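# Residue-level structure breakdown
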Amino acid sequence: MLQTIDREPCLEAAPKNEIKAMQVEYYRVPLAEALADAKHGTHTYFELILCRIFCADGLEGVGYTYTGGTGGRAIYSLLNDELREWIVGRDATDIREIWEDMQWKLHYVGRGGLLSFAVSAVDIALWDIRCRRLAQPLWKVAGAHGNTAASYAGGIDLGFDEKKLLDNVQGYLDRGFDAVKIKVGKKDYKEDVQRVAAVRERIGADTRFMVDANYSMTREGAIRFAKAIEQYDITWFEEPTIPDDFEGYAHIANAIDIPLAMGENLHTVHEFMHAIKYSSLGFLQPDASNIGGITGWLMVSDLAYANNLPVCSHGMHELHVSLIASQPHAGYLEVHSFPIDQYTTTPLTLENGRAVAPNSVGTGVCFDKAVLGPHLVQLK
Ligand SMILES: [Mg+2]
């Protein structure tokens, strides 16, 4: 005989997740010294654009994006003037719906580019809220495969003479890194070859070594350079030529014995799909600050998994450490030369050469008002 079951009353979802306000902040943060690469020129500061989203119950999520020094005010405007009013009133847990709507609302004037930076800042704030509601750290919510990541120190060092380059690399080794990357793209490629040889001699045979041309070379110039450095055991050759030349990458990859890497200049998931299909890459490097936040980064990570490629990162290591650590097919976390983590309450830490994802609830990126505050610039 069936027994009557006393049912608990169905409860309506509480409106605590309704977004009540969004606040955008623009910071211009000076670098300790001028940093140069082959194509962006010299950096003396970076821009940081924060997006704070407040829920009805007072819970706050913080997202952000950054630039190498230009474009940040336009990203601020996209967030503050185009997206802010439209996001207020929505449910903060509807992350994917908000992500899709942001993409299509501004697709005609965006379709990647600045729009992807703005979407990223909102998306990261929503993931921060999501993790806080779950009372979990990001590495747990994003995939939970692990909480540490293989990492490398990425220098922006093309402007350094050879002595300073070697001193800088030595500094990375002294900090515990077991992998380093240098910039290449000198006017005379033979100078690059000499610098690669000198760095390999300094770091020894067991330290992993990557090079990054910041898309400064022609197809044939990249092949010529790569053939000259193949003897130095290079893990990858990053952005040898312009990221739009998908077939050019395959042309280069087929001619050399060093795997290619790119991703920091691919700002839609579809661009990554084309790069996987046409460019014969060995490593993918999505950046959550410009691929549509954590949602976009994880989409690219899934593409990498399905295509048997390791997923790496570019920039903002204080956030990417949690994403890289969470993935089973993780490659290498770039520890970038823009020290955003020095403006947070928990700068990145290494243990036995591996970066450790924070265990704090949320994305693990909490900005320190005392050190970041002085760099706030009020925009209209
Ligand atoms: Mg790069």
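Per chain, residue numbering runs from 1 following the sequence as it is written. Side-chain atom pairs in this predicted model are given and counted only at pLDDT of 80 or more, local residue features only at pLDDT of at least 70, and totals for whole chains, interfaces and linings cover all residues. For side-chain calculations, the full set of non-hydrogen atoms in the structure is used, while hydrogens and water are omitted.

## Focus: the overall build of the protein chain
Condition: Helix and strand assignments follow DSSP, with helices taken as H or I runs no shorter than four residues and strands as E runs no shorter than two, numbered in order from the N terminus. Computation of the radius of gyration draws on C-alpha atoms alone. For the globule rule, the value is 2.2 Å times the number of residues to the power 0.38. Here a residue-residue contact requires only that any non-hydrogen atoms of the pair lie within 4.5 Å. All accessible-area figures derive from a Shrake-Rupley calculation using a 1.4 Å probe, and residue coverage is judged against the displayed protein chains alone. Under the convention used here, Asp and Glu are negative, Lys and Arg are positive, and both His and the chain ends fall outside the count. Every charge is mapped onto a representative atom, which is NZ of Lys, CZ of Arg, CG of Asp or CD of Glu.
The helix and strand inventory of the protein chain stands at 12 helices and 13 strands. For the protein chain, the C-alpha radius of gyration of 22 Å lies close to 21 Å, the compact-globule estimate for 380 residues. In the protein chain, the proportion of contacts linking residues at least 24 apart, taken out of those at least 6 apart, comes to 69%. Carbon and sulfur atoms make up 49% of the accessible area of the protein chain, which totals about 16,800 Å². Where the 35 positive side-chain charges of the protein chain centre and where its 50 negative ones centre are 2 Å apart.

## Notes on the packing of helix α5 (residues 162-174) against helix α6 (residues 189-203)
Angle between the axes and distance between the axes are the two parameters that describe a pair of packed helices. The cut-off we apply is this: Axis angles are defined between N-to-C directions and span 0 to 180 degrees, where every axis is a line fitted to C-alpha atoms and, for a helix, only to the segment in contact. Note: crossing handedness is left-handed where the near helix turns anticlockwise from the far helix by less than a right angle, and right-handed where it turns clockwise. Amino acid classes used here: Ala, Val, Leu, Ile, Met, Phe, Trp, Tyr, Cys and Pro are nonpolar; Asp, Glu, Lys and Arg are charged; the rest, including Gly, are polar.
Closest axis-to-axis distance for the α5/α6 pair is 10 Å, and the angle between their directions is 35°. Along this stretch, α5 crosses α6, giving a crossing that reads as right-handed. Every residue of α6 that contacts α5 at Glu162, Leu165, Leu166, Val169, Gln170 and Leu173 is listed here: Gln194, Arg195, Ala198, Val199, Arg202 and Ile203. Classifying every residue of the contact of α5 with α6 by side-chain character gives 7 nonpolar, 2 polar and 3 charged.

## Observations regarding the coordination of the magnesium ion
Test applied: Ligating atoms shown are N, O and S within 2.8 Å of the metal, or 3.2 Å for Na, K and Ca, and water is not included, meaning a site may look less than complete. Partly exposed describes any residue whose relative accessible area lies between the buried limit of under 20% and the exposed limit of over 50%, with all areas from a 1.4 Å probe on protein chains only and scaled to the type maximum.
The coordination sphere of the magnesium ion, as far as protein atoms go, consists of Asp212 (OD), Glu238 (OE) and Glu264 (OE), spread over 2.0 to 2.2 Å. Sequence spacing among the residues donating to the magnesium ion works out to D-x25-E-x25-E. Of the two residues, glutamate 238 sits in strand β7 (residues 237-238) while glutamate 264 sits in the loop between β8 (260-262) and α9 (269-278), which places them 26 residues apart along the sequence. Of the two residues examined, glutamate 238 and glutamate 264, each falls in the buried class.

## Here's the deal with the pattern of salt bridges
Definition in use: When a carboxyl oxygen of Asp or Glu lies within 4 Å of a side-chain nitrogen of Lys or Arg, that pair is called a salt bridge.
Following the criterion strictly, the structure yields 16 salt bridges and no others. A salt bridge links glutamate 97 to arginine 90; the shortest N-O distance between them is 3.6 Å. Between arginine 219 and aspartate 245 there is a salt bridge, with the nearest N and O atoms lying 2.9 Å from each other. Of this pair, arginine 219 sits in helix α7 (residues 219-229) while aspartate 245 sits in the loop between β7 and α8 (246-255), placing them 26 residues apart in sequence.

## Description of the pairing of strand β5 (residues 179-183)
What counts here: Following DSSP output, two strands are said to pair if at least two bridges run between them. With the strands pointing away from the viewer, any crossover whose connection runs clockwise from the first strand over the helix to the second is right-handed.
Across the 5 residues that make up β5, a large majority, 5, are buried. Burial along β5 is two-sided: Ala179, Lys181 and Lys183 facing one way and Val180 and Ile182 facing the other are all buried. Summarising the sheet, β5 and strand β6 (residues 208-212) pair through 5 bridges and their orientation is parallel. By the bridge assignment, valine 180 is partnered in β6 with phenylalanine 209. With α6 bridging β5 and the parallel β6, this β-α-β connection has right-handed handedness.

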